[in-house]
There are 2 protein chains.
Amino acid sequence: MLRLDTRFLKDFPEVLKAHGTALLGAQETLLAKRKDPGAMLGWMDLPEDTETLREVRRFREANPWVEDFVLLGIGGSALGPKALEAAFNGSGVRFHYVDHVEPEPVLKLLRTLDPRKTLVNAVSKSGATAETLAALLVFLDWLKRERGQEWRRHLVLTTDPKRGALRALAEREGLRAFAIPENVGGRFSVLSPVGLLPLAFAGADLEALLMGARKANEVALAPLEQNLSLQTTLLHHLHRHLPVTVFMVYSERLKYLPAWFVQLHDESLGKRDREGKRVGTTAVPALGPADQHAQVQLFREGPLDKLIQLVVPERPTEDLPLPEVAGLEEEAGYLFGKGLFRLLSAEAEATYRALAEAGQRVYTLYLSEVSPYAVGWLLQHLMWQTAYLGELWGVNAFDQPGVELGKRLTLALLGRPGYEGDGSVEISS
Amino acid sequence: MLRLDTRFLKDFPEVLKAHGTALLGAQETLLAKRKDPGAMLGWMDLPEDTETLREVRRFREANPWVEDFVLLGIGGSALGPKALEAAFNGSGVRFHYVDHVEPEPVLKLLRTLDPRKTLVNAVSKSGATAETLAALLVFLDWLKRERGQEWRRHLVLTTDPKRGALRALAEREGLRAFAIPENVGGRFSVLSPVGLLPLAFAGADLEALLMGARKANEVALAPLEQNLSLQTTLLHHLHRHLPVTVFMVYSERLKYLPAWFVQLHDESLGKRDREGKRVGTTAVPALGPADQHAQVQLFREGPLDKLIQLVVPERPTEDLPLPEVAGLEEEAGYLFGKGLFRLLSAEAEATYRALAEAGQRVYTLYLSEVSPYAVGWLLQHLMWQTAYLGELWGVNAFDQPGVELGKRLTLALLGRPGYEGDGSVEISS
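Because the structure is predicted, anything quoted here is derived from the model rather than measured.

Conventions and cut-offs
- Residues numbered from 1 in each chain as written.
- Chains lettered and ligands numbered in written order.
- Predicted model: local features only at pLDDT ≥ 70, side-chain atom pairs only at ≥ 80, totals over all residues.
- Heavy atoms only, no water.
- Helix = DSSP H or I, 4+ residues; strand = E, 2+ residues; numbered from the N terminus.
- Contact = heavy atoms within 4.5 Å.
- Lys, Arg positive; Asp, Glu negative; His and termini not counted.
- Charge placed at Lys NZ, Arg CZ, Asp CG, Glu CD.
- Pairing = 2+ DSSP bridges.
- Axes fitted to C-alpha atoms, helices over the stretch in contact; angles between N-to-C directions.
- Domains from an automatic or database assignment.
- Salt bridge = Lys/Arg side-chain N within 4 Å of Asp/Glu carboxyl O.
- Polar contact = N/O pair within 3.5 Å; in protein donor to acceptor, adjacent residues only side chain to side chain.
- Nonpolar A, V, L, I, M, F, W, Y, C, P; charged D, E, K, R; others polar.
- Core = buried A, V, L, I, M, F, W, Y, C linked by side-chain atoms within 4.5 Å.
- Buried < 20%, exposed > 50% of the residue type's maximum accessible area, 1.4 Å probe, protein only.
- Parallel < 35°, antiparallel > 145°, perpendicular 65-115°, else oblique.
- Left-handed = near helix turned anticlockwise from the far one by under 90°.
- Buried area = accessible area lost by both parts, 1.4 Å probe.
- Least-squares fit on C-alpha atoms with pLDDT ≥ 70 in both.
- Expected span 1.5 Å × (residues − 1).
- Phe/Tyr/Trp six-rings, centres within 6.5 Å; stacked < 30°, edge-to-face > 60°.
- Lys NZ or Arg CZ within 6 Å of the ring centre and 35° of its normal.
- pLDDT = per-residue confidence, 0-100.
- Right-handed = clockwise from strand over helix to strand, strands pointing away.

Colleague: Account for the overall build of chain A, naming residues and giving values.
Modeller: If you tally the helices and strands in chain A, you get 16 helices and 10 strands. Of all intrachain contacts in chain A linking residues separated by at least 6 positions in sequence, the fraction that spans at least 24 positions is 75%. Each charge class in chain A can be summarised by its mean position, and for the 49 positive and 55 negative side chains these summaries are 4 Å apart.

Colleague: Please set out the sheet that holds strand β5 (residues 155-159) of chain B residue by residue, giving values where relevant.
Modeller: All names here are of chain B. In space, the 5 strands of this open sheet follow the order β3-β2-β4-β5-β6, with parallel pairing throughout. One side of each edge strand has no neighbouring strand; the edge strands of this open sheet are β3 (94-98) and β6 (176-179). The average angle at which neighbouring strand axes cross in this sheet is 20 degrees, direction not considered. Of the pairings in the sheet, the one linking strand β4 (residues 118-124) to β5 comprises 5 bridges and is parallel in character. Residue Ala122 lies in a different strand from β5, and its bridge partner there is Leu157. Lying on the sheet, helix α6 (residues 130-147) is in contact with β2 (68-72), β3, β4 and β5; it crosses β4 at an angle near 155 degrees.

Colleague: Help me get a handle on the domain arrangement of chain A, residues and values and all.
Modeller: Interfaces are often sized by the amount of accessible area the parts lose when they come together. Residues and elements named next belong to chain A. Split by domain assignment, chain A resolves into domain 1 (2-32 + 208-401) and domain 2 (39-204). Each of domain 1 and domain 2 was reduced to a C-alpha centroid, and the two centroids are 29 Å apart. The interface is formed by 32 residues belonging to domain 1 together with 25 residues belonging to domain 2. Linking domain 1 with domain 2 are 1 salt bridge. Here Glu267 and Arg187 are joined by a salt bridge, their closest N and O atoms 3.3 Å apart. Our count for the domain 1 to domain 2 interface comes out at 8 residue pairs in polar contact (both at pLDDT 80 or more). Secondary structure elements with two or more residues in the side of domain 1 that touches domain 2: α2 (20-32), α9 (206-220), α11 (257-269) and α15 (372-393). In terms of residue count, α15 provides more of the side of domain 1 that touches domain 2 than any other element does, 8 residues in total. Among the residues making up the side of domain 1 that touches domain 2, the classes are represented as 20 nonpolar, 7 polar and 5 charged.

Colleague: Go over the nonpolar core, please, and point to the residues and values.
Modeller: The nonpolar side chains of a soluble globular protein tend to be buried with one another. Membership of the largest hydrophobic core comes to 130 residues, with the highest contact counts inside it found for Phe139(A), Leu335(A), Phe139(B) and Leu335(B). Once you skip the residues sitting within four places of it in the chain, Leu335(A) turns out to touch Leu322(A), Leu343(A), Ala130(B), Leu133(B), Ala134(B), Leu137(B) and Leu414(B).

Colleague: Now, about the packing of helix α4 (residues 79-88) of chain A against helix α8 (residues 193-201) of chain A: what can you tell me, with residues and values included?
Modeller: Residue and element names in this part refer to chain A. Where α4 contacts α8, the axes come no closer than 9 Å and their chain directions differ by 30 degrees. Compared by their axis directions, α4 and α8 come out roughly parallel. In the packing of α4 onto α8, the handedness of the crossing is right-handed. Each of Pro81, Leu84 and Glu85 in α4 lies in contact with α8, whose residues at this interface are Val194, Gly195, Pro198 and Leu199.

Colleague: For the interface of chain A and chain B, give the residues involved together with the corresponding values.
Modeller: Facing 118 residues of chain A, the contacting portion of chain B comprises 118 residues. Its largest share of buried area at the contact with chain B, chain A owes to Arg278(A), Tyr334(A) and Leu414(A), together 7% of the area lost on that side. Counting across the interface, chain A meets chain B through 8 salt bridges. Across the pair Glu331(A) and Arg416(B) runs a salt bridge, and its minimum N-O distance is 3.9 Å.

Colleague: Before we move on, can you summarise the relation of the copies chain A and chain B with the specific residues and values?
Modeller: Once turned by 180 degrees and shifted 0.0 Å along the axis, chain A lies on chain B with an RMSD of 0.0 Å. Those values place the two copies in the arrangement expected of a two-fold rotation axis. For chain A, the minimum C-alpha distance to the rotation axis belongs to Val284(A) and amounts to 3.0 Å. A symmetric contact is evident, with 100% of the interface residues of chain A recurring at the interface of chain B.

Colleague: So what about the pattern of salt bridges? Which residues, and what values?
Modeller: Scanning the entire structure with this criterion turns up 60 salt bridges over all chains. Two residues, Arg94(B) and Glu67(B), come together in a salt bridge whose shortest N-O distance is 4.0 Å. Note that Arg94(B) is positioned in strand β3 and Glu67(B) in the loop between α3 (50-61) and β2, a separation of 27 residues in sequence. Note on Arg94(B): relative accessible area 44%, which makes it partly exposed. The network of salt bridges with shared partners includes Asp5(A), Arg7(A), Glu349(A) and Arg353(A).

Colleague: Can you lay out helix α9 (residues 206-220) of chain B for me, pointing to particular residues and giving the numbers?
Modeller: Residue and element names in this part refer to chain B. Look at α9: 21 Å from first C-alpha to last across 15 residues, which is about the 21 Å you get at 1.5 Å a residue. Here α9 has its buried residues at Leu206, Ala208, Leu209, Leu210, Gly212, Ala213, Ala216, Asn217, Val219 and Ala220. Tucked inside the fold, the buried residues of α9 contact α2 (20-32), α3, α4 (79-88), α8 (193-202), α10 (228-238) and α15 (372-393).

Colleague: An account of α3(B) is requested, with residue identities and associated values reported.
Modeller: Helix length check: α3(B), at 12 residues, gives a terminal C-alpha distance of 16 Å against a target of 16 Å (1.5 Å per residue), a fit within 8%. The secondary structure elements touched by the buried residues of α3(B) are β4, β5, β6, α8 and α9 of chain B.

Colleague: Can you lay out the side chain of Glu85(A) for me, pointing to particular residues and giving the numbers?
Modeller: Tracing the chain through its elements places Glu85(A) in helix α4. Buried charge without a salt bridge: Glu85(A), with Lys108(B) as the nearest opposite-charge side chain at an N-O distance of 7.0 Å. With sequence-adjacent residues up to four places away left out, Glu85(A) is seen in contact with Phe95(A), Tyr97(A), Leu199(A) and Ala202(A).

Colleague: Give a detailed account of the packing of aromatic side chains, specifying residues and quantitative values.
Modeller: All names here are of chain B. Within this structure, the stated rule accounts for 28 aromatic pairs over all chains. Where Phe8 meets Tyr352, the ring centres are 4.9 Å apart and the plane angle is 80 degrees; that geometry is what we call edge-to-face. Of this pair, Phe8 sits in the loop between β1 (2-5) and α1 (12-18) while Tyr352 is found in helix α14 (residues 340-357), placing the two residues 344 residues apart along the sequence. Under the relative-accessibility criterion, Phe8 is labelled buried at 13%. Given a relative accessible area of 1%, Tyr352 falls into the buried group. Across from the ring centre of Tyr256, 5.4 Å away, lies the NZ or CZ of Lys82, which sits over that ring. Its guanidinium or amino end placed over the ring of Trp151, Lys144 lies 4.9 Å from that ring's centre, counting from NZ or CZ.

Colleague: Give a description of the side chain of Thr245(B) that names residues and reports values.
Modeller: All names here are of chain B. For Thr245, the position within the fold is in strand β7 (residues 244-249). At 2.7 Å, the side chain of Thr245 forms a polar contact with the side chain of Thr281. Leave out the neighbours within four places in its chain, and Thr245 touches His236, His265, Thr281, Thr282, Ala283, Val284, Leu307 and Gln309.

Colleague: Give me the packing of helix α14 (residues 340-357) of chain A against α6(B): which residues, what numbers.
Modeller: For the pair α14(A) and α6(B), the least separation of the axes is 11 Å and the interaxial angle reads 175 degrees. Classified by the angle their axes make, α14(A) and α6(B) are roughly antiparallel. From α14(A), Leu340(A), Leu343(A) and Glu347(A) reach across to α6(B), where they touch Ala130(B), Glu131(B) and Ala134(B). Along the lines of polarity and charge, the residues of the contact of α14(A) with α6(B) split into 4 nonpolar, no polar and 2 charged.

Colleague: Please set out the confidence of the model for chain A residue by residue, giving values where relevant.
Modeller: Counting all residues, the mean pLDDT for chain A is 96, and 98% of those residues have values of 70 or more. Under the prediction, the complex receives an ipTM of 0.97, its pTM being 0.98.

Colleague: Explain the pairing of strand β7 (residues 244-249) of chain A to me, using residue names and the numbers behind them.
Modeller: All names here are of chain A. Counting buried residues along β7, 6 of its 6 residues qualify, which places the element largely inside the surrounding structure. Across the two faces of β7 the burial is the same, with Val244, Val246 and Met248 and Thr245, Phe247 and Val249 all buried. Here β7 pairs with strand β8 (residues 282-287) via 6 bridges, running parallel. Looking across to β8, one finds that Thr245 is bridged to Ala283. In this view, the connection linking β7 to its parallel neighbour β8 by way of α11 has right-handed handedness.

Shown next as structure tokens:
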């Protein structure tokens, strides 16, 4: 379960009441678009999709030979699966993410993989992502060379249900291909086959994950006083003048979650509003307690230009009692006999207080524990928060027009026919 | 080698000349403190320390049995080694970083390690770091249980040459302990045994690394026109009104480098200046091309509140030609036959132009290649930049007073004698 703590933000209950109309208005506008496929709100329905869950499970069971899972995908195709797999991998299947185009690590990976035990999953909604296509060329060629006629068993695609180069490849070659619903965008796709397929191979509890997300849906539509998503939306809305939004997670298992949030927040909300004004805040990823030794100095004594959200588990799934070691009584005696989790909790609580004392705006989201249920809830909650903020800030949270120029320039530099004119840009300095 | 590109920052050569006096003044003030041990400028001398290099090498050669290297350390004790080991591990020794206090991943690690093949390296300058001591209790106990009398062979310490609990433990038990020079702080310690010892086990070319750092020292003291460090210092100084400093690296092998930079920059410069004013900018880590699919939308269309530095390799150490795959001509034909590195280069160049076109302030540091020499140069260059900025901004770049309250509150919450009064804080809202 998720619990919001705003103890250092005075008068929040009153402020919430005062903004009730605006928040419920944003909710209403968002939900009115729910049936419009172009509104890209399919992520709301993913937690109910038990049919896809069954398919993914059947595919996993039909392929018990997999020991290495190679995900070819970038951005929304990789950040969600990576965050959840790192947290919940219980199967021992090794995961490798080719979410880059640096040759040396790809070569190193190819030299260590056993092709007979490797499943390659190429993931791209559009089927046109340059990085993913480049990686696919390399791995397709490798599989054909190493596995001959058997190569098709080792490749599974996740892409648009109808369009694009990956869908066409699947149909031509008779490859298994899972569908990303048309009305689900990359950064909102973690509970589609983009995330579910790798997580099935990781042995994660997918039912609990989806159950948590369904709970988030319920809460996001609850009355204001119980509506966690509208409440955190308001916190971000009230602090939109602060340029930096810190997302600091107190869990090593969730170490890749901040990167997922950064994409969700930055790419959804960092854009021009209807008047052409530049809006958005810059999300900064942080991990506790490591960043107490890296970023907290700045958070405490640097500019008061941040809204800081801590994500803190309330109990361990398994604790580790700290042993007494003779000779270390003086420096470490205060730790003897305590559970390691108690140190984690104390550090999170101390940091929360210290940041508030410094004058930074800070709140905490408590996760009951780092479980698929609680994390599924958290992910879906953050998607609701992002969608609500899009309504309040007057931006379309589901497009990314700002990345088009970079894509065109890349293709021009690579000499792709039709892009010749895009190689140079006008810089107004 | 390192090369600075400021093509989108008009008139930079003239601006550099105009600020020459201020920059050389900062340099002079900094260097005047070089002989003062309290000034913590020992990092300048580390690249010359061939004696430590020999010791580290001898220790590595005396322990050829190591297959798993477990580093217990947090913040500056982990970020540098992790960044370099990920880039240059050629030995196949597996590295594990216990830079957190979450019980479950520690338990998982203990269950998979073979104690006979494991070397544990506890790293803490002060010997009082709570997270590192907690981890040490766990691993000491484990080694004694698993290895009996042999446990001492499996533990090596890296700490202050004289003081602290780790130094005392080493002396009492006759453990091997490497010294972090007294005048070297955690975030400036990567070229001390903090980094060199793990990197020796990773099989990295330590001589090339130090040679690159020596080159950085030479350049940081060169005349202004050749002085890369004073030049990038000026870029950051001129843009200090922008709250966000993006550090975006186009190399998967250097994926942990941004986190190292974030600590160096934020913890050194995010503090109160002599007048008590809050200074510093917030460093944001980014990786190319993955963040083109995550953060670049915000960088292009969101607020113009950023200085963006790209770090881009100019050539691969080994390239991977993209094969032609029948059936993918239409979508991927433009990639056929090209080296994968060419895609990386085109994306970096396209992003550079697209960010400038959007009106963001952006410059590029080119690395000749991702080699120990070039990366050693880069790290030491960034330390010079940070030290110079400390002088210009009127802060001590080598302390971290802002983290003390959090530490005291943690100890109070854990009931350590002597800290009882610190448990509650006054929040002025």
